[in-house]
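Breakdown of the fold
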Amino acid sequence: MHPKPPPESPLVPSIPAAPRHSRAGGGPSPDAAPAPGHVWLVGAGPGDPDLITLRGLRALQAADVVFHDSLAAPELLDHCRPDALRIPVGKRAGRHSVPQEDIHVLLAAHARAGLAVVRLKGGDPFIFGRGGEEMESLRAQGIPVTVVPGVTAASGCAAATGIPLTHRDLAAGVCLMTAHRQDGAHDLDWTSLAADRQRTLVFYMGLSQAGHVGTELLLHGLPGATPAALVSQGATPRQKAVRCTLAGLARAARRHELESPCLIVIGDVVTLADPALVPWVDDLPAHETGAIDGHPAENRDDRPAASPLACPA
Ligand code: SAH
């Protein structure tokens, strides 16, 4: 017996009766398929719909209802059952996203109605995806949650552009950061971020903050000639990748009309980007030496930028 659907509310207008879950005939295996009354937080991967995991795909194929982000590739919804409800909750052109608290209510209400619920999120649900908040809220309401990891944007964009995020000779680690704080504050520890030259820095949600990121890192001592890249709409046919230097980051973001979603990668590994793999746009004018908008070039680095980012003579 499935539990009764909850009473109607503006957030949960009408929840269909839970269907019988029959998995005969070569359907997804029971251990991989969402169960009624359960929420699966599924990572869709970035951009390319092929980047979802097999487990994520199986969950999608078996779900009664799918709440999907705008960052998840729309083609993935073709894998849903024809009778599955598909509910967009991400930002769309001209429309605001559904507030996070309302998503929590919607997920819980549909699970309580006995439906197998998939929450499809771009990239990995636990990396800047608010998946942690969704899990906490569902657990607090007694709803079982399963998390299916996904390829995060840093990995997807790195693969799509030929930038290894770590490399024995160039980067001993990688640091995933958000440039966009919930309260709008920029209280990152810029000193430590700029001090560790052994790691690659990747900034999520950084397109509008590119100037701020560049300025802070430069002012905290990271050399202006440090290679940097902006990857817009990575792993999609619309991908645009720009190579620049830390000092030129803000200008590059402005000049090339990059669109969201966009990732910033900073570190020597950017020099390994393969121009044969993707059509890179280089933004490295000859006078690039370390000064950035409104700031003196006091942190100028004398080392030459490594090839292929070397400035033209
Ligand atoms: N959970 C996601 C991240 C969500 S935050 C993940 O693991 O990838 C949203 C940010 O992710 C965007 O602002 C952007 O910085 C990055 N992003 C997501 N998809 C991207 C893509 N296809 N290309 C470039 N950046 C992407």
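Reference entry: report on the structure contained in this document. (Residues numbered from 1 in each chain as written. Predicted model: local features only at pLDDT ≥ 70, side-chain atom pairs only at ≥ 80, totals over all residues.)

1. Structural notes on the pairing of strand S2 (residues 65-68)
- Residue alternation in S2 divides its side chains into two sets, Val65 and Phe67 and Val66 and His68, and both sets are buried.
- Here four bridges tie S2 to strand S3 (residues 85-88), and the two strands are oriented parallel to one another. Bridge pairing in S3 links Phe67 to Ile87.
- Relative to strand S4 (residues 116-121), S2 runs parallel, the two being bridged by four bridges. What sits directly across from Val66, in S4, is Val118. (Buried ≥ 20, exposed ≤ 12 C-beta atoms within 10 Å, placed from the backbone. Helix = DSSP H or I, 4+ residues; strand = E, 2+ residues; numbered from the N terminus. Pairing = 2+ DSSP bridges.)

2. Description of helix H6 (residues 210-219)
- Of the residues making up H6, those classed as buried are Ala210, Val213, Gly214, Thr215, Leu217 and Leu218.
- Residues of H6 that are buried sit in contact with helix H5 (190-195), strand S7 (199-204), helix H7 (249-255) and strand S10 (262-266).
- Immediately beyond the C-terminal end of H6, within one or two residues, lies Gly221, with a positive phi of roughly 110°. (Contact = placed C-beta atoms within 7 Å.)

3. With respect to the sheet that holds strand S11 (residues 280-282)
- The strand order across the open sheet formed by six strands is S6-S7-S10-S8-S9-S11, and the pairing between neighbours is mixed. Strands with a single pairing partner mark the edges of an open sheet, and in this sheet they are strand S6 (173-178) and S11. Neighbour to neighbour, the strand axes of the sheet diverge by 20° on average, direction disregarded.
- Of the pairings in the sheet, the one linking strand S9 (residues 240-245) to S11 comprises three bridges and is parallel in character. In the sheet register, Val242 faces S11, and the bridge partner there is Val281.
- Packed on one face of the sheet, helix H4 (residues 153-161) meets S6, S7, strand S8 (227-232), S9 and S10 and runs near 75° to S10. (Axes fitted to C-alpha atoms, helices over the stretch in contact; angles between N-to-C directions.)

4. A word on the nonpolar core
- Of all hydrophobic cores here, the largest spans 80 residues; its most connected members are Ala63, Val117, Ala229, Leu249, Leu263, Ile264 and Val265.
- Ranked by residue count, the leading element in this core is helix H2 (residues 100-112), at six residues.
- Both domains that meet at this core, namely domain 1 (30-151) and domain 2 (154-310), each give it at least three residues.
- Setting aside anything within four residues of it in sequence, one finds Val265 in contact with Ile163, Thr200, Val202, Ala228, Ala229, Val231 and Val270. (Core = buried A, V, L, I, M, F, W, Y, C linked by C-beta atoms within 7 Å. Domains from an automatic or database assignment.)

Nothing here speaks to function; it is geometry throughout.
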